[in-house]
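Examination of the molecular architecture
Spelled out from the first residue to the last, the chains are:
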Amino acid sequence: MLRSNNYLDFYIKSSLHVGVAVFALVQLTINQFNSYAFFVFFGTIVGYNFLKYWNWFVFEKVTDNKTKGILTITFVSALASVVLFFLQKWTVQLHLVIALFLVVLYPIVRKIGWIKPFFVGFVVTFITVYIPLKNQEEVILICIQRFLVVSSIILPFEISDSTTDSTALKTLPHLFGIQRTKQIGYVLVGLFIGISFYIDNYLYLDCIYALSSFVAIYFSAVRRNKYYTSFWVESLPIFWWILLLFS
């Protein structure tokens, strides 16, 4: 059991899980195993690990095997990202450069804690919806819809981190408390499903997405098992993609 937990911890801490989750969000949009989808997978790993382990890359000497493994995965993912980047059309490359700029801005934006979940929701939406669908008529509505649901499932992370985040960050739980933060999440989910009724594409699936997001927010708490957010909540996009595959 301990060895299994070690593998799971490595899978999570190396950002492989979040990479699969964002890859799944791309699949919800285009449902194609193309070079762009795999670029997003590898690029997500690089971006998340760069933000989480900046000191490892620059200042600290790495000695333990787990850290070396994470750095190796990051390096391989970076090489794959570069190769896949040059396989994209120049218009896609331009938008990906904008996305990179937004990712680099994250440490600055994070200091304004209440805006963090919405900024992350915007960046994820830009990458997983706007870039692959930018020439379609309903892209704006679909972007708003994705932004709402992604922002909503980031709130359990905000709640979980509220005891470790500095109060100076003024995150949503710090400003409004846990229950009010959950209510904000419920509103986001409600707006998401409202747009789903208007668009009327895969409505029954959107209802399941909304229900699962609602449940994730409802059961979020400060003292949850460490895997609740880092594995289970982060698995929601993967669950949604599986539902789409079998629908």
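What this report covers is the structure whose coordinates are included nearby. (Residues numbered from 1 in each chain as written. Predicted model: local features only at pLDDT ≥ 70, side-chain atom pairs only at ≥ 80, totals over all residues. Heavy atoms only, no water.)

A short note on the overall build of the protein chain
Scanning the protein chain from terminus to terminus reveals 13 helices and zero strands. Along the protein chain, helices (α) and strands (β) appear in the sequence α-α-α-α-α-α-α-α-α-α-α-α-α when read from the amino end. Whereas a compact globule of 247 residues would reach a radius of gyration of roughly 18 Å, the protein chain reaches 18 Å, a difference of no more than 12%. Taking the principal axes of the C-alpha coordinates as reference, the protein chain spans close to 55 × 45 × 40 Å. Counting the 247 residues in the protein chain, one finds 48% classified as buried. As displayed, the protein chain has an accessible area near 13,400 Å², and 68% of this comes from carbon and sulfur atoms. (Helix = DSSP H or I, 4+ residues; strand = E, 2+ residues; numbered from the N terminus. Rg over C-alpha atoms; globule rule 2.2 N^0.38 Å. Buried < 20%, exposed > 50% of the residue type's maximum accessible area, 1.4 Å probe, protein only. Areas by Shrake-Rupley, 256 points an atom, 1.4 Å probe, with all protein chains shown as cover.)

Let's talk about helix α13 (residues 236-246)
Among the residues making up α13, those that are buried are Leu236, Pro237, Ile238, Trp240, Trp241 and Leu244. Those residues of α13 that are buried are in contact with α2 (16-30), α8 (139-160), α11 (203-218) and α12 (227-232). (Contact = heavy atoms within 4.5 Å.)

Quick look at the pattern of salt bridges
Pairing of side chains with opposite charge becomes possible as their charged atoms draw close. Tallied over the full model, the rule gives three salt bridges. The closest approach of N and O atoms between Lys226 and Asp9, which form a salt bridge, is 3.6 Å. Of the two residues, Lys226 sits in the loop between α11 and α12 while Asp9 sits in helix α1 (residues 2-13), which places them 217 residues apart along the sequence. The class for Lys226 is exposed, based on a relative accessible area of 54%. For the salt bridge of Arg110 with Asp165, the shortest nitrogen-to-oxygen distance reads 3.2 Å. With Arg110 in the loop between α6 (90-109) and α7 (116-133) and Asp165 in the loop between α8 and α9 (172-176), this pair connects stretches of sequence that are 55 residues apart. Taking the relative accessible area as the measure of exposure, Arg110 reaches 29% and is therefore partly exposed. (Salt bridge = Lys/Arg side-chain N within 4 Å of Asp/Glu carboxyl O.)

Observations regarding the packing of aromatic side chains
Scanning all chains against the criterion turns up 16 aromatic pairs. Looking at Lys182, its charged tip hangs above the ring of Tyr218, at a distance of 6.0 Å from the centre. Over the ring of Tyr228 we find Arg224, and its NZ or CZ is 5.2 Å from the ring centre. (Phe/Tyr/Trp six-rings, centres within 6.5 Å; stacked < 30°, edge-to-face > 60°. Lys NZ or Arg CZ within 6 Å of the ring centre and 35° of its normal.)

A closer look at the environment of Asn6
Position of Asn6 among the secondary structure elements: in helix α1. With relative accessibility at 39%, the residue Asn6 sits in the partly exposed group. Along the chain, Asn6 and Lys66 lie 60 residues apart, while their C-alpha atoms are 9.5 Å from each other.

Everything listed is a geometric property; what it means functionally is a separate question.
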